[in-house]
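Here are the chains, one letter per residue:
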2 protein chains.
Amino acid sequence: MNLKQLAHMLALSQTTVSRALNGYPEVNEETRRRVMDAAKRHGYRPNPSARRLATGKTGMIGYVLPTGASVDIDPHFVEFLSGLGDYARSHELDLVLSPADADDQETTYRRIVANRQVDAVYISSPRPADRRVALVNTLGIPFIVHGRSEGFDFDYAFTDIDNEGAFHEAARLLIQLGHRRLALINGDDRETFAIHRERGVRRALAASGLSLSERHVCSVDMTEENGYRATRRLLEEDDAPTAIACSSLIMALGVVRAVRDLGLSIPGDVSLIAHDDVFPWLRPENFSVPLSTTRSSIRLAGARVAERLAARISGLEEGARGEVWPVDLVVRGSVAGAPG
Amino acid sequence: MNLKQLAHMLALSQTTVSRALNGYPEVNEETRRRVMDAAKRHGYRPNPSARRLATGKTGMIGYVLPTGASVDIDPHFVEFLSGLGDYARSHELDLVLSPADADDQETTYRRIVANRQVDAVYISSPRPADRRVALVNTLGIPFIVHGRSEGFDFDYAFTDIDNEGAFHEAARLLIQLGHRRLALINGDDRETFAIHRERGVRRALAASGLSLSERHVCSVDMTEENGYRATRRLLEEDDAPTAIACSSLIMALGVVRAVRDLGLSIPGDVSLIAHDDVFPWLRPENFSVPLSTTRSSIRLAGARVAERLAARISGLEEGARGEVWPVDLVVRGSVAGAPG
DNA sequence: AGAGTCTTCCAAAGCGCTTTGGCTTTCTCG
DNA sequence: CGAGAAAGCCAAAGCGCTTTGGAAGACTCT
C-alpha cells in the first residue's frame, strides 16, 4: 500500500493525502480525519527510503564505532547504549553504528554526512582538541558530545559529568582522613575525562600543601589486569600510597586482588575509592569490602544524549549549550583513616 | 556531485555511467576506465537514499535491541558487537539498532522488514521455539541466529557454540576428580544456551550414575551479585556441592567472593569452572585462583555472524546451514580433587 | 455585483539512482 | 556484399515520497 494507491482509493490527490498525514494546516479537518482513518485501516506506512530521498530526513542517529583487531569496545558503551536506546525507542529513532578503522574515523564521518545517512551523531570519549568534534562541527550535522573536548575556538553542545569535582571531593575526603600519599589509577590520559579527574585530585592535594607524585599516577586501559598491575607497582614502592583513587570499577577489582595478594587489607592499609558508572552486573556495595565510589549513571547519560539529539533534530534545541552533571560521592567501608 | 552531473561532464548518459560504475558488461572497457577515473577524481559517491529507493538494497544489517527500564543489555553484547563491527567495516556494512519494547519486538521486526530498512538481521539469545525466529523466517528476510532455537518444523541458519559439549566436558572432568555433588549456576534457563549447558552437566553425571539435584541448579541473571547469592545458598546447605560450574565469568566473581566469605577456599573446598566468553577486561587467569574455563570467543562469533550475513545478502550463502563451534576446556588452578 | 481573501485541493516537478527497451554502429561470416 | 549478431550507448520510465505553484470555489465586504 503506497501513497498513490491510498490517494486513489480516497479519490484525493497524493498531495492532499501526504499533507493530511503530515499535519499540514491547509487541509480540511474533516478530510484529514478521513485520510488518517483510511491510512490506519489499511496499515499504510510511508516508505522511509522514499521519504528520505525527498526530505533528507532519516529518523536515525549515528555513531561511528572505532574497530580493529586491537580495539576493544568498552563495556561502558553497552550501558550507555541501554539508556540511549530506551529513549530512542519512544521517539521511533533508530541508531546506526558505522564501524570505522580506529585510526581513520574521519572518512566515515564524512561519508555518513555526505550521504545524509543520519540526522545527527554523537561522539563519545572525546580528547582535548578532538578532531572528530572539529570535523562534525564544520560538516554542520547536529551533534552532541558525551564528555568534553577542549581548546577550540568554537562552542559546541555536550553532556558531561563533573569528573574534576568528583575526584576532587574523593581526594579531599581521603586527605581529611589523614592520608598524605594518594595515588590515582586512571584511564587513558589522552581523554578529557581522565585529565579532569587527575586535575581534581591534584587540586585537592594542593589545597592542603600536598602533591601527586608522578610515580603515583598511572594511565592504562581500564581492565582488571591493569588495575592489579598498577596496584602492585604502587604498593611495592618505598613511599607507597595509603589511598588510591581509581577510575573504574573493573580496575578496582584488580586493585582489591593486588592488595590481598600483598597481604594487605582495605581499608586498614589502603583506602580505595573508585568511579562507578552503575553497571547492573557489578555493584560496589557487593565488593568484599564495600567500595566507596563517585557515582554517576552512564545509562542516564545515554538517555539524556538521545533526548538532546532528538530535540536538535526537530529544531527544539539549538546553540552550543554544554551541561555538566554533578557526581555523587558514596562513602562505604573501603575508606578509613590513614594507617600509622 | 551526482550522477547527472558526472554523466554530463563525461558527455555520456546516466545509464552508461551507472552501468560502468556498477560493473555491468555492456560497456566498453575503455569507457569504463574513463568513468571510473572521473568518478574517483571528483569524489563521486552514489547517494545511498536514491540507490535504496531504486534497488531496495540498504547496505545495512539490522538488530532489534530489546529495551526498557528494567532491561539490561548484556556486556556480552558489546564484545559480540566488536567482532561484528570489525567484519562489517571491511565490507562497508553499517549496523542499525532498532530499539524495541522488550515485550513487543514483533512490531519492530515487521516494521524494519516492511520498510526495507535493512538487508538482513541477526537474532541473539534465542529461546526454544523463539517467536522472533519464526517471525523473521516467515517475513522472508535473510537472517542468522547467534545461538540456537529449537522445536520448529523448518530449518534455519545459525552459528552456535557447543554449550552442551562444553559443560559435559567440564562436568566430566570434575567427576573424574572425584566430585559427586556438582552444582550449576546458570543463566536464564528460558534461553537455549542455558538449557544446553544444564543438559551437558546432567549427561555427564548420568554417565557415572549420578544426578544433578534440583536444589543444586539455579538460573539467574548473570550478575556478580547473583553469583554470590547462589553460591552462599548452595554452600550453606547440608549436602553442599564440592564443585560448581558457572555460566559466566562475571557470576564467577561472585562465586569466589562467597566462597571466601564463608571461610572456604578454591579449590580446597570447592572446585570451580566457569564459561569464558573472552572479555579483554576480565581474564580468568587473573582470578586470585586462576579460573578453569570453557572458553569460546564471543567476538569471533560476532565476526562470523557478520560474515555469514554479508554472504547471504550477496547471495553467496543459501540454505539453512547451522554451524556449531567446539569449545575449549582450559584447566587452571580452580579445580582439584574432591575434598575428604 | 464585483473585487479581494481564504480555504481546500490538485498537477507536476523534483529527490538521484537503476533498469527496461530500443537504437546505432561495428563485426562476422556465408 | 548483405544479413544477422554483437557491442555500445541512450532516452525515459520507474522507485514513493514531498513540495511548489497554482486553480477553483466559498466567503466577506463595500
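Treat the numbers as computed from the prediction; the structure is a model and nothing was measured.

S.K.: Before we move on, can you summarise the sheet that holds strand 12 (residues 328–330) of chain A with the specific residues and values?
M.R.: Residues and elements named next belong to chain A. Within the open sheet, the 6 strands sit side by side as 7-6-8-9-10-12. Their pairing is mixed. Across the chains shown, the open sheet's two edge strands, defined by having one partner strand only, are strand 7 (217–219) and strand 12. Averaged over all adjacent pairs, the angle separating strand axes in this sheet is 15°, with direction ignored. Note that strand 6 (residues 182–186) and strand 7 share 3 bridges and pair parallel. Bridge pairing in strand 7 places L184 opposite V217. Across the sheet, helix 8 (residues 163–176) is in contact with strand 6, strand 8 (243–246), strand 9 (271–276), strand 10 (292–295) and strand 12; its angle to strand 9 comes to roughly 165°. Relative to strand 6, helix 9 (residues 192–207) is tilted by about 175°, and along the sheet it contacts strand 6, strand 7 and strand 9.

S.K.: Provide a residue-level description of the environment of A114 of chain A, including the pertinent values.
M.R.: All names here are of chain A. The residue A114 is located in helix 6 (residues 106–114) in this model. When its relative accessible area of 59% is taken as the criterion, A114 is described as exposed. When the C-alpha positions of A114 and R233 are compared, they lie 49 Å apart, and in sequence the two are 119 residues distant.

S.K.: Explain the protein's contact with DNA strand D residue by residue, including any values.
M.R.: In the vicinity of DNA strand D, 27 residues are found, and the nearest of them are L3, S18, R19 and Y24 of chain A together with T15 of chain B. Contacts to DNA strand D include T15 of chain A, whose side-chain N or O atom sits 3.2 Å from a base oxygen. Class assignment for the residues of the surface near DNA strand D results in 11 nonpolar, 12 polar and 4 charged.

S.K.: Please give an account of the nonpolar core that cites residues and values.
M.R.: With 58 residues, the main nonpolar core has I244 of chain A together with I244 of chain B as its most contacted residues. Beyond its immediate chain neighbours, meaning those up to four positions away, I244 of chain A contacts A183, I185, T231, L234, V255, V270, S271, L272 and I273 of chain A. Grouped together as the second largest cluster of nonpolar side chains are 50 residues, I298 and A310 of chain A together with A88 and V305 of chain B included.

S.K.: Outline the protein's contact with DNA strand C, supporting the account with residue identities and numerical values.
M.R.: In the vicinity of DNA strand C there are 27 residues, among which T15 of chain A together with L3, S18, R19 and Y24 of chain B approach most closely. Those elements giving two or more residues to the surface near DNA strand C turn out to be helix 2 (14–21) and helix 4 (48–55) of chain A together with helix 2 (14–21) and helix 4 (48–55) of chain B. For the surface near DNA strand C, the class distribution of residues is 11 nonpolar, 12 polar and 4 charged.

S.K.: Explain the relation of the copies chain B and chain A to me, using residue names and the numbers behind them.
M.R.: Turning one copy of the chain about an axis and sliding it along that axis gives the other copy, so a rotation and a shift relate them. The two copies are related by a screw operation: chain B maps onto chain A through 180° of rotation and 0.1 Å of translation along the axis, at an RMSD of 0.1 Å. Viewed as a symmetry operation, the transformation between the two copies matches a two-fold axis. Every residue of chain B has its C-alpha some distance from the rotation axis, and the shortest such distance is that of V96 of chain B, at 2.1 Å. Of the interface residues in chain B, 100% have counterparts in chain A that sit at the interface too, so the contact is made through matching surfaces.

S.K.: Help me get a handle on the pattern of salt bridges, residues and values and all.
M.R.: Counted under the stated rule, the structure contains 72 salt bridges over all chains. A salt bridge links R132 of chain A to D130 of chain A; the shortest N-O distance between them is 3.0 Å. Across the pair, D130 of chain A and R132 of chain A agree in class, each one buried. A salt bridge links R308 of chain B to E317 of chain B; its shortest N-O distance comes to 2.9 Å. An identical accessibility class is assigned to R308 of chain B and E317 of chain B; each is buried. Residues participating in the shared-partner salt-bridge network are R304, E307, R308, R312, E317, R321 and E323 of chain A.

Rules used in this analysis
- Each chain has its residues counted from 1, running along the sequence as written.
- Each chain takes a letter, starting from A, and each ligand takes a number, starting from 1, following the order in which they are written.
- This being a predicted model, a pLDDT of at least 70 is required before a residue's local features are given, and a value of 80 or more before pairs of side-chain atoms are given or counted; all residues contribute to the totals for chains, interfaces and linings.
- Excluding hydrogens and water, the side-chain figures rest on all heavy atoms present in the structure.
- Any two strands are treated as partners once DSSP identifies two or more bridges connecting them.
- Numbering of helices and strands runs from the N terminus; a helix is a DSSP stretch of H or I covering at least four residues, while a strand is a stretch of E covering at least two.
- Angles shown run from 0 to 180 degrees and are taken between the N-to-C directions of axes, each axis being a line fitted to C-alpha atoms and, for helices, limited to the stretch in contact.
- Here, residues are in contact when the closest pair of their heavy atoms is within 4.5 Å.
- Summary of the burial criterion: residues with accessible area below 20% of their type's maximum are buried, those above 50% are exposed, and those between are partly exposed, where the area comes from a 1.4 Å probe applied to protein chains only.
- What makes a residue near a molecule or strand is one non-hydrogen atom of that residue sitting within 4 Å of it.
- Side-chain atoms alone can form a polar contact between residues adjacent in sequence; in general such a contact is a pair of N or O atoms within 3.5 Å, and within protein one must be able to donate a hydrogen while the other accepts it.
- Charged means Asp, Glu, Lys or Arg here, nonpolar means Ala, Val, Leu, Ile, Met, Phe, Trp, Tyr, Cys or Pro, and polar covers whatever is left, Gly included.
- In plain words, nonpolar cores are sets of buried Ala, Val, Leu, Ile, Met, Phe, Trp, Tyr and Cys residues tied together by side-chain atoms within 4.5 Å.
- Each copy is superposed on the other by least squares, with the fit set by C-alpha atoms of residues at a pLDDT of at least 70 in both.
- Note on definitions: salt bridges are taken to be side-chain nitrogens of Lys or Arg within 4 Å of carboxyl oxygens of Asp or Glu.

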